[in-house]
Amino acid sequence: MSGNEAAAEGAMRAGCRFYAGYPITPQNEIIAYMADHLPLRGGVFVQAESELAAINMLYGASAAGVRCMTSSSSPGVSLKQEGISYLAGSELPAVIVNISRAGPGLGDIGPSQGDYFQTTRGGGHGDYRCPALAPSTVQEMAEFTYLAFELADTYRNPVVVQGDGMVGQMMEPVALDHLRPPRPHQKPWALTGAAGRPRNIVRSFRGVKGELEKHNIKLQEKYDEIKRTEVRCVKIACEEADVLVVAYGTCARIAREVIAWPPRRLPGRVGLLRPVTLWPFPCRQIAELAERVRGVLTVEMNAGQMVEDVRLAVEGRCPVHLLRRMGGAVPTAREIADKLVALFG
Amino acid sequence: MRETRTVRCETLYARPQCLIDVPTHYCAGCGHGTVHRVLAEIIDELGIRERTIGIAPVGCAVLAYDYIDIDWSEAAHGRPPAVATGLKRVRPDRIVFTYQGDGDLASIGMAETIHAANRGENITVIFINNAVYGMTQGQMAPTTLVGQKTKTTPRGRDPEQDGYPIRVCELLSGFDRVRFLARATVTSAARVRRMKKLLKKAFRYQIERVGFSLVEVLSPCPTYWRMTPVECCEFIEETMVKSFPLGVIKDVSAGEDGDR
C-alpha cells in the first residue's frame with residue numbers, strides 16, 4: 001500500500017474513531033482511505049469545510065475523549081496552527097499527519113522537509129511543543145501513526161507525524177498484524193456530561209492573574225519529561241564511523257543507501273544517525289558521536305533547518321556541513337557521496 | 001384565644017439549580033445574564049444537565065462556563081460550530097450547544113456556521129446579536145446597523161464601504177437541513193418569556209434529533225452603545241428590530257420534509 005494509506009490504516013488500528021480533513025495533494029490517499037474505511041469500523045469521518053474547521057472538529061472530538069486525527073500537507077498544516085496551539089494549551093491529545101510539500105506559499109506538490117521549523121518549534125502562537133515522528137518507509141508510516149496516538153494520550157498533547165510527499169506516495173509491502181488494538185487510556189477529564197461527577201471544563205484560557213504562568217510551567221515540565229523519555233533515533237554503522245551523516249525521512253532512506261556503498265567510493269567509514277523524533281531531538285546521541293568523528297554532514301530537503309539543531313547538539317565538537325535541495329528536489333545518492341568525498345576525502 | 005392557621009408556602013421563582021451563584025463579569029444592563037438564566041432554566045426543566053455540553057465562544061461570553069454548572073469546552077474564535085461538530089458526532093446522545101456572539105458567529109466563524117448548518121449538525125446554536133464587538137471595546141460587527149457609530153465606524157456604518165448588516169437567520173433559512181431558526185430579544189418580561197419558549201423548542205428539537213437549530217437574541221450593550229439600559233431596550237424595540245425582525249424564521253419539525 002502507499003505510505004498515505006499505511007498512515008490511515010495505522011491510525012485505525014490505534015483506535016482512531018474520528019477523522020476530519022480537507023483535500024490537498026500529496027496526502028489525498030489518507031482522506032480517501034478514511035472516508036472509505038473509518039465509518040465501516042465504527043468511526044466518524046467528516047470532510048471539513050476548511051483546515052481550520054478540521055482541526056477544531058478534532059478539538060471537540062478529543063475533548064469528548066475520543067482518539068482523533070487529521071491530515072494535510074504544508075499549506076493546510078499552516079492553517080491548522082491556531083488549532084494546534086489551542087489543543088496544546090488545553091492539553092488535548094490529537095494526531096496531525098503532515099505529508100509536506102515544497103513552499104513557500106503555494107509552492108508545488110513535490111516532497112519537501114521545509115516544515116521542520118514549524119513542526120519542531122510548536123508552529124502556532126505561544127510556548128508549546130508537539131512530539132514529531134519522522135517516518136522514512138511505508139512500514140513506518142503505519143507504525144509511527146499508531147505510536148503517535150499512544151504518545152498523544154500518554155502526554156495529553158497533539159503529536160505530529162512528519163512525512164513528506166515521497167514517503168506518502170511511495171508503495172511498499174507493509175506488515176500490520178503487530179499493530180494490535182491498544183489498551184484504552186482513562187480520560188477522567190473528558191466531556192461526557194457531568195453525570196455522577198463534578199463538571200469538566202476543557203480550556204486554554206487562564207484569566208486569573210498568575211494562573212497562566214503556572215499553567216505554562218506545568219506544560220514545560222511535561223515537555224521536559226518528554227525530552228527525557230521519548231527521544232528516538234536509529235544509528236547505522238555509527239560505532240566505527242569516521243564521518244557522520246544526519247538525515248531523516250526521505251533523505252535518510254537515500255543516505256542509508258550511500259553508507260552501504262564500497263569504502264573506496266566514500267571518504268572512510270560513514271555512519272548514519274536518523275532522528276525518528278524530530279522533537280524531542282536526539283541531541284545527546286549526536287553529541288556523543290561528534291566527540292569522535294571528523295565531521296558531520298546534514299542532508300535535508302530544505303534550505304537548512306535541522307542543521308541548526310545538529311549544530312546546537314554538536315556544540316563545536318566537530319565541523320557541521322549541509323547538503324540541501326529545495327523546491328521539491330530530492331538529493332541523489334551520488335550527490336551525497338560526492339559531497340562526502342569533497343568534504344572529507 | 002389565638003387562632004392558629006397553617007400557611008402553605010410554594011416556591012414560584014428561584015435560582016435555577018444549574019445556574020452557579022456567583023456575580024457575573026457582565027456590564028450592568030447587558031443581555032448575557034438574562035440569556036444565561038433562561039438557558040439554565042431550560043436545562044433544569046428538560047432534565048438534561050447531566051448530558052449537556054456547552055461550547056463557549058471568544059468574546060464577552062468567554063467565561064460562560066463560570067456561570068452554568070455543566071460540562072463545557074472552550075473554542076477558538078469563530079470555531080464553536082466545528083468543535084460542536086466533533087463533540088456531537090462522537091457523542092450523539094449528548095446535548096451540545098454553542099453560545100456565540102455576532103463577531104464570533106457571523107464574521108470570523110461564518111464559514112463554520114454555514115457549513116455546520118448545511119450539514120444539519122444536530123446541535124443548538126445560541127446567537128447573541130448586540131451589533132458590536134463588546135469585549136474588544138466596541139468595534140463594528142457584521143450585524144452593526146447602518147449609520148451606527150462604533151470604534152471602527154466613527155462616522156457611522158456606511159453600506160458603500162462596509163456593506164449592510166448580515167441577517168444570519170435569513171441567510172441560513174435556505175439550507176434544507178436547517179430545522180429551526182428564530183429571533184427574539186430580552187427587552188421586557190414578555191419578550192424574555194417568548195425567547196425562552198423559542199430556545200426551549202430548539203433544545204427539544206435536538207433531543208428529538210430533528211436537526212440544526214439556531215436562536216438569535218437581540219441583546220443590549222449599554223457600554224458600547226453609549227446608552228442607559230432602558231435606552232438600549234427602546235433602541236432594540238424601535239430601531240434594531242427593523243433590520244432584524246423578531247419571530248420564527250423557519251420551523252421544519254421532525255419528519256415533515258421526508259429528509260430524515
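Remember, it's a predicted structure, so these values are computed and weren't measured experimentally. (Residues numbered from 1 in each chain as written. Chains lettered and ligands numbered in written order. Predicted model: local features only at pLDDT ≥ 70, side-chain atom pairs only at ≥ 80, totals over all residues. Heavy atoms only, no water.)

Brief notes about the domain arrangement of chain A
Residues and elements named next belong to chain A. Parsing chain A into structural domains produces domain 1 (3–229) and domain 2 (233–344). Look at where the C-alpha atoms of domain 1 and domain 2 centre, and you get two points 28 Å apart. Buried area between domain 1 and domain 2, summed over both chains or domains, comes out near 2,400 Å², and the portion from carbon and sulfur atoms is 58%. The three residues of domain 1 that bury the most area against domain 2 are Gln113, Tyr116 and Phe117, which together make up 31% of that side's buried surface. Residue Asp309 is joined to Arg121 by a salt bridge in which the shortest nitrogen-to-oxygen separation is 2.7 Å. At the boundary of domain 1 with domain 2, the tally comes to 16 residue pairs in polar contact (both at pLDDT 80 or more). At the level of secondary structure, the elements contributing two or more residues to the side of domain 1 that touches domain 2 comprise strand 5 (108–111), helix 5 (116–120), strand 6 (132–133), helix 6 (138–155), strand 7 (158–164), helix 7 (165–169) and helix 8 (211–229). (Domains from an automatic or database assignment. Buried area = accessible area lost by both parts, 1.4 Å probe. Salt bridge = Lys/Arg side-chain N within 4 Å of Asp/Glu carboxyl O. Polar contact = N/O pair within 3.5 Å; in protein donor to acceptor, adjacent residues only side chain to side chain. Helix = DSSP H or I, 4+ residues; strand = E, 2+ residues; numbered from the N terminus.)

Overview of helix 4 (residues 110–119) of chain B
Among all positions in helix 4 of chain B, only Met110, Glu112, Thr113, Ala116, Ala117 and Arg119 of chain B are buried. Directly beyond the C-terminal end of helix 4 of chain B, a positive phi value near 70 degrees is found at Gly120 of chain B. (Buried < 20%, exposed > 50% of the residue type's maximum accessible area, 1.4 Å probe, protein only.)

Re the sheet that holds strand 7 (residues 178–185) of chain B
Taking strand neighbours across the sheet as the criterion, the eight strands line up as 8(A)-2(B)-1(B)-3(B)-4(B)-8(B)-7(B)-9(B) in an open arrangement whose pairing is mixed. Edge positions in the open sheet fall to strand 8 (201–202) of chain A together with strand 9 (247–251) of chain B, since each of these has one partner strand only. Pairing analysis gives four bridges linking strand 7 of chain B to strand 9 of chain B, with the strands arranged antiparallel. Paired with Arg183 of chain B across the strands is Gly247 of chain B, a residue of strand 9 of chain B. In this fold helix 7 (residues 189–207) of chain B packs onto strand 3 (95–101), strand 4 (124–129), strand 7, strand 8 (212–218) and strand 9 of chain B, with an angle of close to 165 degrees to the strand it touches most, strand 7 of chain B. Where helix 9 (residues 229–243) of chain B meets the sheet, it contacts strand 4, strand 7 and strand 8 of chain B, and its direction lies at approximately 130 degrees from that of strand 8 of chain B. (Pairing = 2+ DSSP bridges. Contact = heavy atoms within 4.5 Å. Axes fitted to C-alpha atoms, helices over the stretch in contact; angles between N-to-C directions.)

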